[in-house]
Amino acid sequence: MMNVMVPLQLICDAIESANSEWKQYLDIENMEVVCLPEYSFMGEYDEKYQELADTIEEERRARFFALPSQFDIHEYSIMERFVWDLPQGRVQDSLEYAIRGKRAFRRFKDAIRRFGIEQQWYDFKAKAYRKLAMEWCDEHGFTYCEVKGEDKEKVQTGINAGADPTTREAAKDRETRADAAAKENLAWKEIRTEHVVQDEWIDFRRSAYQFPDGNVFQPFYSYSRKDYVVIVARDEDGNYLCVRQFRQGVKQVTTEFPAGGIERSDGREYKSRQAPEASEDAFQAAKRELLEETGYASEEWRYLLTVPSNATMADNYAHIFEAKNCRKSGEQNLDETEFLHVKKYSPKEIEKLIFGGEFQQAVHIMAWLLAGRE
C-alpha cells in the first residue's frame, strides 16, 4: 500500500468546486488536482487535453485518482440531512416542504434566508464536504493532514484545472484565449454595465463596449439564464418523444424535444457570475426532466454536445443528450407553470415538422441532427 500524505483541504476544495463539466483527479506525484472535460467527442479530447487524458489513463490508480463527482457528493441528500438535523417545529416543517418537488434548491435557499440560518447551512455543508473528503482518503488508503495559516494558500494553488475561474488551468485557458484574441485584434472590452432587471428570474444588462479601434458604442443588451438540457428521446418502437407547449416568444404552440433548466443550489433562475457552477449535474438533470415531462425513463444514454444557447446575447449553455429505448416509468410531474402534452413522432414526421417550420427551437433541431450521427 502506498504511504501518501494528502492535505485534507485540497480534497475539500476540490469537492466544493465539483461541477458537471469537469472530472477531477488527484495527482499524488505533484500533489495537485487536475481536471478533464466531463465529456469527450467520439472518445477523443481536443489537443489541449488529450495528452493529459492519455497520461491519466496510463497511470490511473497509480498516480491519478478520481475525486468525488457531483453525483457522489449529492448535495440534495446533504440538504435533507440538514433539515432532519434541525429541531422539530415550524422551521423544520417549512424546509421539509421546500425541498420536495421541482425547484427544490431555489425554495430551500429562499427558506434559509427567510429564517436567518444561511450560515448554519454553510457550516453544515462544509462539515459534510470534510467528512466526504476523509472518507475518500480512507477508501484509497491515503493519510490526510490538516493545513493551516499561510500554507492553506499553497494547497489551494494545487487545484490545477477546471471550470472554477479561480483555478490555475482556467486562468491559463483565459489567458490563452485572450492572447489569441489580442493577436486577431477582435476582442471587445466591456467598460460599463447597468443591470436593467436583476431579480430571481433573470439578470438583464445594458453594457457599453470599447471596440478594437478604441471607439466606444452602446447599448448592447445581454442576459443571464440558467443552463438547460435537451433530450432527444426514442421509445422502444423507435418513435421520438416530443412535447407540445406554448412559447411566449413566438406566441405559438410548438413541438419540441423534452427539455428543462438545470436546478441551481443558490436559488437563482440564472447563472450567477459569483457562483457560476452552483448547479446540479447536467446528466442527472436530463434524466429528471425526461421523467418529469414525459413519464418515461431510459437506461441507454449518450452525451452529444454542450453549446452556448445564444452566444450573441446570453451566457447560458445547452447540454444535449440522446436517450434510447425509453420506457414508461411513471406519470408526468409538471411544474405549476408547465402545461404540455406528450406526443410521439416517427423520424419522417420529425423531418416534416422541421422543414414545415413547425419544429421551432433551433437548438432542438441541432440536437436532432447530432443524434442522427452514429
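Below, the structure is looked at part by part.

Conventions we followed
Residues numbered from 1 in each chain as written. Predicted model: local features only at pLDDT ≥ 70, side-chain atom pairs only at ≥ 80, totals over all residues. Heavy atoms only, no water. Helix = DSSP H or I, 4+ residues; strand = E, 2+ residues; numbered from the N terminus. Buried < 20%, exposed > 50% of the residue type's maximum accessible area, 1.4 Å probe, protein only. Areas by Shrake-Rupley, 256 points an atom, 1.4 Å probe, with all protein chains shown as cover. Pairing = 2+ DSSP bridges. Axes fitted to C-alpha atoms, helices over the stretch in contact; angles between N-to-C directions. Phe/Tyr/Trp six-rings, centres within 6.5 Å; stacked < 30°, edge-to-face > 60°. Lys NZ or Arg CZ within 6 Å of the ring centre and 35° of its normal.

**So, the overall build of the protein chain**
Then, number 1: In terms of regular secondary structure, the protein chain is built from 12 helices and 16 strands.
Then, number 2: Counting the 374 residues in the protein chain, one finds 44% classified as buried.
Then, number 3: Within the structure as shown, the protein chain displays about 20,700 Å² of accessible surface, and the carbon and sulfur contribution to it stands at 49%.

**Remarks on the sheet that holds strand β3 (residues 32-37)**
Then, number 1: The sheet built from 3 strands is open, its strands ordered β3-β2-β4 with antiparallel pairing. Each edge of the open sheet is held by one strand with a lone partner, namely β3 and β4 (64-66). The mean angle between the axes of side-by-side strands here comes to 35°, regardless of whether they run parallel or antiparallel.
Then, number 2: Sheet analysis places strand β2 (residues 22-27) next to β4, joined by 3 bridges and oriented antiparallel.

**Considerations on the packing of aromatic side chains**
Then, number 1: By the definition in use, this model includes 22 aromatic pairs.
Then, number 2: Consider the rings of Y240 and W368, whose centres lie 4.9 Å apart with planes at 70°: the pair is edge-to-face. Here Y240, found in strand β10 (residues 240-247), pairs with W368, found in helix α12 (residues 362-371); they are 128 residues apart in sequence, far enough to count as distant.
Then, number 3: On the accessibility criterion, Y240 (9% relative accessible area) is buried.
Then, number 4: Each member of the aromatic cluster is reached from another via a ring pair, and the members are W188, Y209, F211, F217 and F220.
Then, number 5: Over the aromatic face of F115 sits the side chain of R114, whose NZ or CZ is 5.1 Å from the ring centroid.

**Some details on unusual backbone geometry**
Then, number 1: Across the junction of Q218 and P219, the peptide omega takes the value 5°, indicating a cis bond.
Then, number 2: As for its placement among the helices and strands, P219 is situated in strand β8 (residues 216-224).
Then, number 3: For M31, which is not glycine, the phi dihedral falls at a positive 50°.
Then, number 4: Here R61, not a glycine, exhibits a phi torsion of approximately 65°, which is positive.
Then, number 5: Judged by relative accessible area, which is 54%, R61 ranks as exposed.

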